[in-house]
Amino acid sequence: MDISLTGELGDFLRSRRARIRPEEVGLPGHGRRRVPGLRREEVAQLAGVSVDYYIRLEQGRGPSVSDAVLDAIGRVLRLDDTEQQYLRTVARPVARRTAAAVPAPQRVRPGLRLLLDTMEKAPAFVLGRRMDVLAWNALGDAVAGFSQMPAGERNMPRQVFLNPQARELYPDWPAVAAETVAYLRLDAGNHPRDRQLATLVGELSLGSEDFRRLWADHQVKEKTYGAKRMRHPVVGELTMPYETLTVTGEPDQMLVVYTPEPGSQTADRLALLASWAASPAV
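Given the structure is predicted, the values throughout are model-derived calculations rather than measurements.

(A) Spatial organisation of the sheet that holds strand E1 (residues 124-127). In space, the 5 strands of this open sheet follow the order E2-E1-E5-E4-E3, with antiparallel pairing throughout. Taken across any chain shown, the strands that pair with only one partner, and hence form the sheet edges, are strand E2 (133-136) and strand E3 (225-232). Looking at each pair of strands side by side, their axes are set apart by 30 degrees on average, direction ignored. Note that strand E4 (residues 236-247) and strand E5 (residues 250-258) share 6 bridges and pair antiparallel. Pairing of glutamate 243 across the sheet is with valine 257, part of E5. The strands that helix H13 (residues 265-278) touches are E3 and E4; relative to E4, the one it contacts most, it runs at about 90 degrees.

(B) Summary view of unusual backbone geometry. Unlike most non-glycine residues, arginine 78 shows phi in positive territory, near 55 degrees. Here arginine 78 lies in the loop between helix H4 (67-77) and helix H5 (81-90). In this structure, methionine 131 is a non-glycine residue whose phi angle is positive, near 65 degrees. Summarising the element assignment, methionine 131 is placed in the loop between E1 and E2.

(C) Just the packing of aromatic side chains, in detail. By the definition in use, this model includes 8 aromatic pairs. On the numbers, 5.5 Å between centres and 40 degrees between planes, the contact of tryptophan 136 with phenylalanine 146 is tilted. Linking tryptophan 136 in strand E2 with phenylalanine 146 in the loop between helix H7 (138-144) and helix H8 (156-162), this pair joins segments that are 10 residues apart in sequence. Owing to a relative accessible area of 2%, phenylalanine 146 belongs among the buried residues under this scheme. When the centroid spacing of 5.3 Å and the interplanar angle of 80 degrees are considered together, the rings of phenylalanine 161 and phenylalanine 211 count as edge-to-face.

(D) Fine view of helix H10 (residues 173-190). In a regular helix each residue adds 1.5 Å, so 18 residues correspond to 26 Å; H10 covers 26 Å between its end C-alpha atoms and thus fits that length. Among the 18 residues in H10, 13 count as buried, and that is most of the element.

(E) Layout of helix H11 (residues 195-207). The first and last C-alpha atoms of H11 sit 18 Å apart over 13 residues, in line with the 18 Å expected at 1.5 Å per residue. Inspection of H11 places Leu197, Ala198, Leu200, Val201, Gly202, Leu204 and Ser205 among the buried residues, and these make up the whole buried set. Contacts from the buried residues of H11 go to H8, H10 and helix H12 (209-217). The backbone nitrogen of glutamine 196 has a side-chain oxygen 2.9 Å away, supplied by the residue at the start of H11, namely aspartate 194.

(F) Structural view of the environment of arginine 185. In this fold, arginine 185 is placed in helix H10. You can call arginine 185 buried: its relative accessible area is 3%. In the structure, arginine 185 is positioned 35 residues away from valine 220 in sequence and 5.6 Å away in space, judged by C-alpha atoms. Residues contacting arginine 185, with those up to four places away along its chain left out, are Glu8, Tyr86, Trp215, His218, Gln219 and Val220.

What counts and what doesn't
Residues numbered from 1 in each chain as written. Predicted model: local features only at pLDDT ≥ 70, side-chain atom pairs only at ≥ 80, totals over all residues. Heavy atoms only, no water. Pairing = 2+ DSSP bridges. Helix = DSSP H or I, 4+ residues; strand = E, 2+ residues; numbered from the N terminus. Axes fitted to C-alpha atoms, helices over the stretch in contact; angles between N-to-C directions. Contact = heavy atoms within 4.5 Å. Phe/Tyr/Trp six-rings, centres within 6.5 Å; stacked < 30°, edge-to-face > 60°. Buried < 20%, exposed > 50% of the residue type's maximum accessible area, 1.4 Å probe, protein only. Expected span 1.5 Å × (residues − 1). Polar contact = N/O pair within 3.5 Å; in protein donor to acceptor, adjacent residues only side chain to side chain.

Here you go:
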């Protein structure tokens, strides 16, 4: 299986066209349509480009495209900021042709590992390319069990879609699954020649019908902040707000920190979990 920039661009534009109703952009919505959403010629007209130009762009065989044209298409398709940046990335494959197909293994700096260890009351971990889990602190391990996973399986998409316990761990599993795929799609756009990513997508596609459906939906999203509910086997349900920070000097690494409100039930349960994890095995 290969991740192609040309395929990414065409699939993305078609998926965005399909979600826009003609009447939303001032066009008549009646009449027969073979596919949902806007036609290619309608996008071209509204964006102020020729139909042939837009078709060649969607097919990935057009010339270098300007920011002005991409911005116009983004306005027509009602792209958010993340989607607009993704469009610019996948529309310009030349700039990324030299990217390594087999990148060097990622390493976490000693200083970042030390920072993780100082966060005694906050579960934290570092995500790398393909959402691989690169490092974690003691409480993060107590929550997610990273150290118990085989090294090759410390990957969030693999855990969400191929781990049979994932639906029990995440009460809101459908939302977690959709967000995970959207993050992975963004990584695919940034690193189109990453063979390890292509292998991961192939493995997930074979192993999960839900992943195949969500991957085909072509949603993209940045991992920033939010909240996640987890059902821990020792301390029960946890409501975990989180913050995601890009690691300076390592743009493909993210520090994820769960930030439970002090005095909350989740904070109390995490304190209990930390005590339980620190207790010597009997």
